[in-house]
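So you can see what is in the structure, the chains are spelled out below.
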Amino acid sequence: MVRLVQLEKYREGESLRVMGFLRYAAVTGLLGLSACGGSSGGASSAAASGTSGDGWVAGVFQPAAHFQAQCQNPRSGTDPTTGNAYPDVQGTTLDENNWLRSWTNQLYLWYSEVPDLDPGSYATTASYFAVLKTSATTSTGHPKDRFHFTYPTSIWEQMSQAGVDIGYGLTWDIAVSTPPRQVYAAYVWPGYAAAAANLVRGLVVLSIDGVDMVNADDSASVAMLNEGLSPTTPGESHTFVFQQPGSTTTQTVTMIAADVTETPVPIVTTLSTSTGLVGYILFNDHIATSEQELIAAITQLHAANVTDLVLDIRYNGGGYLDIASELAYMIAGPGPTAGQTFDQQTFNAKYPSTNPVTGQPLTPTLFHSTSQGFSSSPAAGTSLPYLSLPRVFVLTGPETCSASEAILNGLSGVNVQVIQIGSTTCGKPYGFYPQDNCGTTYFSIEFQGNNAKDFGNYPDGFSPQNSTTLTSAVLPGCSVSDDFGHALGDPAEGRLAAALGYRAGQDCPSPPSGVAPLGGLGASVHRAPWRENRILRR
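Our subject in this report is the structure included herewith. Bear in mind the structure is a predicted one, so any value in this text is a computation, not a measurement. (Residues numbered from 1 in each chain as written. Predicted model: local features only at pLDDT ≥ 70, side-chain atom pairs only at ≥ 80, totals over all residues. Heavy atoms only, no water.)

A closer look at the pairing of strand β8 (residues 149-152)
Next up, step 1: Neither face of β8 is left uncovered, since the one carrying F149 and Y151 and the one carrying T150 and P152 both have all their residues buried.
Next up, step 2: Pairing geometry for β8 and strand β27 (residues 440-443), over four bridges, is antiparallel. Bridge assignment links Y151 to a residue of β27, and that residue is T441. (Buried < 20%, exposed > 50% of the residue type's maximum accessible area, 1.4 Å probe, protein only. Helix = DSSP H or I, 4+ residues; strand = E, 2+ residues; numbered from the N terminus. Pairing = 2+ DSSP bridges.)

Encoded structure:
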C-alpha cells in the first residue's frame, strides 16, 4: 500500500521541502511504498567476524582526517563561498564511507550506540550514513535521533544563507497521513504564485494534476502528487483543486513554480487592548536573513512602546542558534541576561571540557547583545534593540523545534516567564556543526544544549500546563489547536485569541479553541530537517 509518510519528497541524492522553498538531501519519502521485507542494503556477513578484505577491523578507527576529501567524484575549480580551490582528490566510495565511520565515532553524541558496520559493504555513502546513528528511543517511544540527514553542499550553502529555492510560495500542512489524506495550505507567502492565485490559509488539497490527493494509492499517482507538491524546476506548472474552508466550494488553480526567496519574519504588528499595546511577531525560520528582519521587528515594537509580546513560532523548526540567542536577548533585555548562559553545549563523553569541532574550551553561548554578522547591515558587533519584557507569550506547534525551543528554554533559564499557547513542541535539545565532504554536507547530532539552570532534558518537547498529555518540560499556558479559519496575526485566530485572553485573566479554552481541521493538536508542517535543529557556526 502507498502511504503518505511525511510531506517530503526524495529522489536519488536529493529531496525537497514540500513548502516549495527548499531542496535537501534524501531523508524519507513524501509518499512512500510500505514494504514487507527485502534487502536493507546492510552490512555483509563479514560483520560477524569483525574484519573484511577492505581493511575494516571492528572497533579500530583511524582519524577522520585520514580519509577526508578522498572522493568518488571529486569536485574541481573554486569553492564560491570561500574563494579557495576545492580540496577534493580522487578516491572511492569506500574512502568516503571510511570518513563517515571515523567522523561519526569522533563526534556523534551517542557514538557508543552506533553499530560498527563494515563500510565496504555499502554501495553508497547515503546508505551507509543512514545506519550511522543510534536506534534508541525516548521514554515515550520516539526515536532518540530523528534528525540525521544530508544536503548537497551547494544547495545547503544557498539555502542557509539566502533562503532561495523553487516553489509556489506556499507552506503545506499534513493533517492525516494515510488515505483518506488531508493536506492543507498553512501559509501563503506574498509575492509568488500562490498569492497571485488568491490562495488562502486553510484551503484543502483535493487533487493535483487530476490525481486524487485524498484516496490515491498507487505508485504512479503518488509520484504525480510528489511532483506537484515539490516542484524541482522553475517554470513547472501543476494544476490543483482546492476546497474552500468551511464550504463545499472548490477552486481550480494552475501554479507555475519559480525561484522563491523566503521572508522569515513576514508579519510584525501591534494589537490594541484595554491594558496597552501588545506586539505580535510571526517568525518562521532561523536563517541568516532573519537577523536583519528580527532587529527591524524589535525596533518597530520598541518604538510603539508595547507592554507585551506574542511570538508566533508555530511553524519555526529552528536553524542558527546564534539568532535564537539574539532574539531572546531582544525580548528580555540586559537586566536578566547580562553575562548569562543562553545555551551550554555538551558533547560526547570524549570531550568533557573541549569543543571537538573548534578545539576551543567549552564555553556557553551567552545571550547575544550585539549582532553576530549574519547580515551585511547592521554590521557585526552592532548593539541590538530590546524590549525588556518580564514575560513573553509564545505560540507553538509540533513543528516548533530545536533553536526555537532554545528560545523557550533559554528565557526560562533566566526567569523570564514563558507562557506557551498551542501544542507540544517537537522535542529537540540537540544540534550540530554542518560538515562538508566531497560535495555533501552531513548533519549528525553532536551536542545537547542546556540553559542557565542546566536544564535541557526535553526530548518529547515543551507542553502547556493543561495539555492532556504532559511531557517532562511543562510551561504555563493553554493547549490550543491551530485555527485554519483565520489568518495568522488576526486577533480572532484561535491561538492568538487564547494568548490575549490569558493575558486578560481569562481561563484557557476548553476544549481547545479554534477550527481544528487537522484532526487535533498533533498535525504538523513538515519542514526541511536542518530547519528542525540548532546549528552552530565554526
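Some words on the pattern of salt bridges
Next up, step 1: Per the stated rule, a full pass over the model turns up 11 salt bridges.
Next up, step 2: A salt bridge links D482 to R201; its shortest N-O distance comes to 2.7 Å. Within this pair, whereas D482 is found in the loop between β31 (477-479) and α11 (494-503), its partner R201 is found in the loop between α5 (193-196) and β12 (204-208), the two being separated by 281 residues in sequence.
Next up, step 3: Taking the relative accessible area as the measure of exposure, R201 reaches 10% and is therefore buried.
Next up, step 4: In this structure, the salt-bridge partner of D482 is R314, at a minimum N-O distance of 2.6 Å. Taken together, the residues D482 in the loop between β31 and α11 and R314 in the loop between β19 (308-312) and β20 (319-320) connect sequence positions 168 residues apart.
Next up, step 5: On the basis of relative accessible area, R314 is assigned to the buried category, the value being 1%.
Next up, step 6: Through salt bridges that share partners, R201, D312, R314, D482, E493 and R495 make up one connected network. (Salt bridge = Lys/Arg side-chain N within 4 Å of Asp/Glu carboxyl O.)

Some words on the pairing of β27
Next up, step 1: By the bridge criterion, three bridges tie strand β26 (residues 435-437) to β27 in an arrangement that is antiparallel. Across the sheet, the residue bridging to D436 is T441, located in β27.
Next up, step 2: Here β26 hands over to β27 after two residues, with C438 in that stretch at a positive phi of 60°.

So, the state of the cysteines
Next up, step 1: Overall, the coordinates contain three disulfides when judged by the stated rule.
Next up, step 2: Note on cysteine connectivity: C71 is disulfide-linked to C438, with sulfurs 2.0 Å apart. Between C71 and C438 the sulfur-sulfur dihedral comes to about -85°; the bridge is accordingly left-handed. Of the two residues, C71 sits in strand β6 (residues 70-71) while C438 sits in the loop between β26 and β27, which places them 367 residues apart along the sequence.
Next up, step 3: Since its relative accessible area comes to 11%, C438 is described here as buried. (Disulfide = S-S within 2.5 Å.)

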